[in-house]
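# Working through the structure, step by step
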Amino acid sequence: MCGKIRFAPSPTGYLHEGHLLSALYVWAASHKWNLQVHLRIEDHDRGRARDEYIRSIYEDLAWFGFRWDSQSIQSERESVYRRALESLESRGLVYPCFCSRKQLEEENPKSETGEIVYRGKCLVRREMDADASQPHNLRVVIPDKVIKWHDLRLGDFAENPKLQCGDFPIRDRDGQWTYQFAVCVDDIDEGITHVVRGEDLRNSTARQIALMELLGRSTPPFYLHHGLITDPTGKKLSKREKAHSLRQDRDSGVSAEELLGRVCFKGGLVPSPAPLSLEQALSAALALL
Ligand code: GLU
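Computed from a predicted structure; not experimentally measured.

## Re the side chain of Gln164
By secondary structure assignment, the location of Gln164 is in helix α6 (residues 161-164). Aside from chain neighbours lying at most four places away, what touches Gln164 is Ser111, Glu115, Ile116, Val117, Glu159, Asn203, Ala206 and Arg207.

## With respect to the packing of aromatic side chains
The geometry of two aromatic rings is summed up by the distance between their centres and the angle between their planes. Evaluated as defined, the whole model comprises 11 aromatic pairs. Aromatic pair Trp149 and Phe157: ring centres 4.6 Å apart, planes at 15°, arrangement stacked. For the pair Trp149 and Phe157, one class covers both residues: buried. Its end group placed over the ring of Tyr118, Arg139 keeps NZ or CZ at 3.7 Å from the ring centre. Directly above the aromatic system of Trp177 lies the positively charged group of Arg171, at a separation of 5.6 Å from the ring centroid.

## Examining the sheet that holds strand β4 (residues 94-97)
If you walk across this open sheet you meet the three strands as β4-β5-β8, and the pairing is antiparallel. Either end of the sheet is taken by a strand with one partner, and the two such strands are β4 and β8 (169-171). Pairs of neighbouring strands in the sheet enclose a mean axial angle of 45°, with direction left out of account. With two bridges connecting them, strand β5 (residues 137-140) and β8 associate as antiparallel partners. If you follow Arg139 over to β8, its bridge partner there is Pro169.

## Regarding the site of the ligand
Neighbouring the ligand are the residues Arg6, Ala8, Pro9, Ser10, Glu42, Tyr179, Val183, Arg197 and Leu201. With respect to the ligand, the side chain of Glu42 contributes an N or O atom lying 2.6 Å from a nitrogen atom. Contacts to the ligand include Arg197, whose side-chain N or O atom sits 2.8 Å from an oxygen atom. In the complex, the protein chains occlude 81% of the 300 Å² of accessible area that the ligand would expose alone. A class-by-class count of the residues in the shell around the ligand yields five nonpolar, one polar and three charged.

Conventions used here
In this numbering scheme, every chain counts its residues from 1 along its sequence in written order. Only residues with pLDDT of at least 70 are given local features in this predicted model, and only at 80 or more are side-chain atom pairs given and counted; all residues enter the totals for whole chains, interfaces and linings. Excluding hydrogens and water, the side-chain values take into account all heavy atoms of the structure. In this text, helices come from DSSP runs of H or I with a minimum length of four residues, and strands from runs of E with a minimum of two, each type numbered from the N-terminal end. Any pair of residues with heavy atoms lying within 4.5 Å of one another is described as a contacting pair. Here is the rule: rings of Phe, Tyr and Trp (six-membered ring for Trp) pair when centre to centre is within 6.5 Å. Planes less than 30 degrees apart are stacked, more than 60 are edge-to-face, and the remainder are tilted. Exposure classes here rest on a 1.4 Å probe applied to the protein chains alone. A residue is buried below 20% of its type maximum, exposed above 50%, and partly exposed in between. Note on geometry: a ring has a charge over it if NZ (lysine) or CZ (arginine) is within 6 Å of the ring centre and within 35 degrees of the ring normal. Note: two strands are recorded as paired if DSSP finds a minimum of 2 bridges between them. Convention adopted: a line fitted to C-alpha atoms gives each axis, helices being fitted over their contacting stretch, and angles between N-to-C directions are expressed from 0 to 180 degrees. Whether a residue is near a molecule or strand is decided by its heavy atoms; if any one of them lies within 4 Å of it, the residue is near. Counting of polar contacts relies on pairs of N or O atoms within 3.5 Å, with two restrictions inside protein: one atom must be capable of donating a hydrogen and the other of accepting it, and residues adjacent in sequence are counted only when both atoms are side-chain atoms. Using a 1.4 Å probe, the Shrake-Rupley method yields the accessible areas, and only the shown protein chains count as cover for residues. Gly is put with the polar residues, along with every residue not named as nonpolar or charged; the nonpolar set is Ala, Val, Leu, Ile, Met, Phe, Trp, Tyr, Cys and Pro, and the charged set is Asp, Glu, Lys and Arg.

In structure tokens form, the structure reads like this:
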């Protein structure tokens, strides 16, 4: 085997149907491209991560029959993130940002997607009035350049992260590593060659490629962003809004085959919600890769 793909859920709730769809794509991709599968628990948000959700990720995946070759958990990798931060700091690429949410809203423009584009106020004033005892996050200085990248499903993109979001936080006000930072450090350090994840994260890709470049990885992974399952109103499923969990179904006696069939149907992989074995569900996902 020459490459490695990861499945990287955040343990901020129980896994839901959207995660199962994503897992099917990840494991199908591992068959297609002959990749090892790495299970990464993305518990960088210590305020929202819970041990019972972590346990449940392992159990739910095993219950469906998914097997993985290696695993990691972000909360145990503090020293790796610290080293990456030091490497950026030593090149002057990190600065504290003291802006409040209100200031961020009022003083910066928004991108087409409604995201705040940070204009670098605290970069400009960093030598002047920065008082590190005040609450602050840490932002990385992102180069002002267009990142060209290819999505194996959606095609070519050319995006400038400076115009999408500007310099973005790598550590938050509570001293926690952000998703963007932890994921880049991990994708480099864990030797990830393929990233398969939901379309909702597509906007993060250019900024992750830019940050990985700053961290020393010049060849980014291959990316594929798959379609999502939406709720009846067309909104994507989310743990925060208490999407119905796989665990609830398991507890009420729904079989793995029924769940796999339902998710493949809702994800547009098969024409009917009839029960499927894991192998059949993986073949259905594989056909769309
Ligand atoms: N942890 C993220 C999530 O649960 C996935 C991150 C990624 O695949 O890059 O949505």
